[in-house]
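Secondary and tertiary structure notes
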Amino acid sequence: MDKPNTPDSPQPRRGIRDTSGQDQVMASPRRRIPRKRLALAAAGGIAVLALAGWVASGWLGGTRSFDAARIRIAEVKRGDLVRDLSADGKVIAANSPTLYAIAAGTVRLSIVAGDKVTKGQALAVIDSPELRSKLVQEESTLASLEAEASRAVLDAQITRANAQRALDQASVERTAALRDLERYQRAYDGGAVPQNDLARAQDGMKKADIGLAAARKDFQLQSAGAGLDARNKQLQAQRQRAVVEEARRQVDALTLRAPFDGQVGQVQVPQGTQVATNGPVLSVVDLSRFEVEIKVPESFARDLGIGMPAQISANGAQYAGEIAAVSPEVVNGEVTSRVRFAEGKQPPGLRQNQRLSVRIVMDTRRDVLMVERGPFLEQDGGNVAWVVDGSTAVRRPIRAGASSLSYVEIVSGLKAGDRIVVSGTDQFDNAERVRISGN
């Protein structure tokens, strides 16, 4: 039985219930996104996709990428291509010979470097006893040979005279024999002389004919022989005369004379010193004839020709000139050429080694496609160019024509307005398509 609750008995403790049993989990209310923000998010996504597509297309368009700062791009255009050549040159004397010693000897100078001289003026004398002694000896030999030649001529005259005398005597003897024969013939016809006397007269006539013929032949042979001897002696004398003239010329050449009006250049032998045979003594400069020596690139040298007109700039003025010479030798990729001033148009006060500018107009081509020159011409022989289209450069075959210092003619493969890479193509390694960044 249950025990009754009494006031004295302890009461059991009861807990107070919470409201958790009554609570229900409810879904959180959904927040509504503004339409404007949703549109911006969509546009951003599209932009990201477009950028990714552009990058992907750029990478797909070229196998390699190059910075635009490392290349140079030029535009193809139409215009007049002037093929000219400009170069700096130095003034040189067109006529500046060096005088040499014809023989060894002591030099005696009568001028100093820088002196103005006139044609034929004595500049220096070389003392050569050997040459002077040789001249005296040759002159003595010439005198002896001339005497022998004269004697030979005289002997020829004597020989001819003796042969002529024998011929005349044979002619007289024949005339006498003819008269005897005629006399005996008349006597024989009249019966005054026997036939034997007539026969002797006839034999005498034949003997006279033989003697006359022999005398004539002997005269011809004696005359010819005497003439040959005399001519031989004369030729020997003439040869010796040439030897003497040469020796005399050499002695005269010991005196060095100015070949023209001008100025003494360098004196290469001090006063009173010994000079060797064929050694340089001094030079003479022709002040009236100067030329300009220029260095021309090898690629332009083949287009230069002697007589081609040129313009020379000196002291702020332009002077007409023409190409006087083009060296056939290439040195360090350059060819030496010489430009002379036009007749009577040389500027005054020129000096050797003075610096002048020269411009040579080789050709003018009207209304042609052209582009700036660049190293791309040397790559593949100027038959290839990289055409720029946006951020991509595509390799394209072309054909280049004439070129000047600044431009080159495009014959085929390009059109006006095209942009090509003219410098830096050596980096492309002949790729068919490259990408240019930062363009």
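Our subject is the structure listed above.
First, a word on scope: everything that follows refers to the structure included in this document. (Residues numbered from 1 in each chain as written. Predicted model: local features only at pLDDT ≥ 70, side-chain atom pairs only at ≥ 80, totals over all residues. Heavy atoms only, no water.)

Moving on: the sheet that holds strand E6 (residues 116–117). If you trace the four strands from one edge of the open sheet to the other, you get E4-E11-E9-E6, paired in antiparallel fashion. The strands lining the two open edges of the sheet, one partner per strand, are strand E4 (98–100) and E6. (Pairing = 2+ DSSP bridges. Helix = DSSP H or I, 4+ residues; strand = E, 2+ residues; numbered from the N terminus.)

A separate point is the pairing of strand E21 (residues 419–423). Here strand E2 (residues 72–75) runs beside E21; their pairing, made up of four bridges, is antiparallel. Counterpart to Glu 75 in the pairing with E21 is Arg 419.

What follows deals with the sheet that holds strand E17 (residues 384–389). Ordered in space as E1-E22-E18-E17-E21-E2, the six strands form an open sheet in which the pairing is mixed. Looking at strand neighbours, the two that pair on one side only are strand E1 (65–67) and E2, the edges of this open sheet. In this sheet, neighbouring strand axes are inclined to one another by 40 degrees on average, regardless of whether the strands run parallel or antiparallel. As judged from the two bridges shared by E17 and E21, these two strands associate in the antiparallel manner. Its bridge partner being in E21, Val 388 is matched across the sheet by Arg 419. (Axes fitted to C-alpha atoms, helices over the stretch in contact; angles between N-to-C directions.)

Tallied over the full model, the rule gives two aromatic pairs. Ring centres of Phe 66 and Phe 428 lie 5.0 Å apart, and the angle between their planes is 50 degrees; on these two criteria the pair is classed as tilted. Taken together, the residues Phe 66 in strand E1 and Phe 428 in the loop between E21 and strand E22 (433–437) connect sequence positions 362 residues apart. For Phe 66, a relative accessible area of 5% gives the class buried. Measuring from ring centre to ring centre gives 5.3 Å for Trp 386 and Phe 428, while their planes differ by 70 degrees; the resulting arrangement is edge-to-face. Remark: Phe 428 occurs in the loop between E21 and E22 and Trp 386 occurs in strand E17; sequence separation between them is 42 residues. Take Trp 386 and Phe 428: they sit in the same class, and that class is buried. Counting every residue linked through ring pairs, the aromatic cluster contains Phe 66, Trp 386 and Phe 428. (Phe/Tyr/Trp six-rings, centres within 6.5 Å; stacked < 30°, edge-to-face > 60°. Buried < 20%, exposed > 50% of the residue type's maximum accessible area, 1.4 Å probe, protein only.)

Turning our attention to the side chain of Glu 409. Tracing the sequence through the fold places Glu 409 in strand E20 (residues 407–412). What makes Glu 409 buried here is its relative accessible area of 12%. At 3.4 Å, the side chain of Glu 409 forms a polar contact with the side chain of Arg 365. Apart from residues no more than four positions distant in its own chain, Glu 409 is found in contact with Leu 81, Arg 365, Val 368, Leu 369, Met 370, Arg 399, Ala 400, Gly 401 and Ala 402. (Polar contact = N/O pair within 3.5 Å; in protein donor to acceptor, adjacent residues only side chain to side chain. Contact = heavy atoms within 4.5 Å.)

Turning our eyes to something else, we now look at the side chain of Glu 291. As for its position among the elements, Glu 291 is in strand E12 (residues 290–297). On the basis of relative accessible area, Glu 291 is assigned to the buried category, the value being 7%. Within the structure, Glu 291 has its side chain in polar contact with the side chain of Arg 338 (distance 2.9 Å). If near-sequence neighbours (up to four positions away) are discounted, Glu 291 is found in contact with Lys 90, Val 91, Ile 92, Ala 94, Ala 324, Arg 338, Val 339 and Arg 340.

What follows is about the environment of Phe 219. Following the sequence through the fold, Phe 219 ends up in helix H3 (residues 195–253). For Phe 219 and Ala 163, which are 56 residues apart along the polypeptide, the C-alpha to C-alpha distance reads 4.7 Å. Leaving out residues up to four positions away in the same chain, Phe 219 has contacts with Arg 160, Ala 163, Gln 164 and Leu 167.

Our next topic: unusual backbone geometry. Although it is not a glycine, Asn 278 adopts a positive phi angle of roughly 65 degrees. Considering the arrangement of structural elements, one finds Asn 278 in the loop between strand E10 (274–275) and strand E11 (280–285). Judged by relative accessible area, which is 56%, Asn 278 ranks as exposed. Unusually for a residue other than glycine, Asn 315 sits at a positive phi of about 55 degrees. Position of Asn 315 relative to the elements: it lies in the loop between strand E13 (309–314) and strand E14 (317–331).

On to the pattern of salt bridges, then. The full count for this structure, using the stated rule, is 17 salt bridges. Taking the shortest distance from any N to any O, the salt bridge between Asp 367 and Arg 78 comes out at 3.9 Å. With a gap of 289 residues between them, Asp 367 in strand E16 (residues 355–372) and Arg 78 in strand E3 (residues 77–93) connect regions that are remote in the sequence. For Asp 367, a relative accessible area of 51% corresponds to the exposed category. For Asp 418, the salt bridge goes to Arg 396, with nearest N and O atoms at 3.6 Å. (Salt bridge = Lys/Arg side-chain N within 4 Å of Asp/Glu carboxyl O.)

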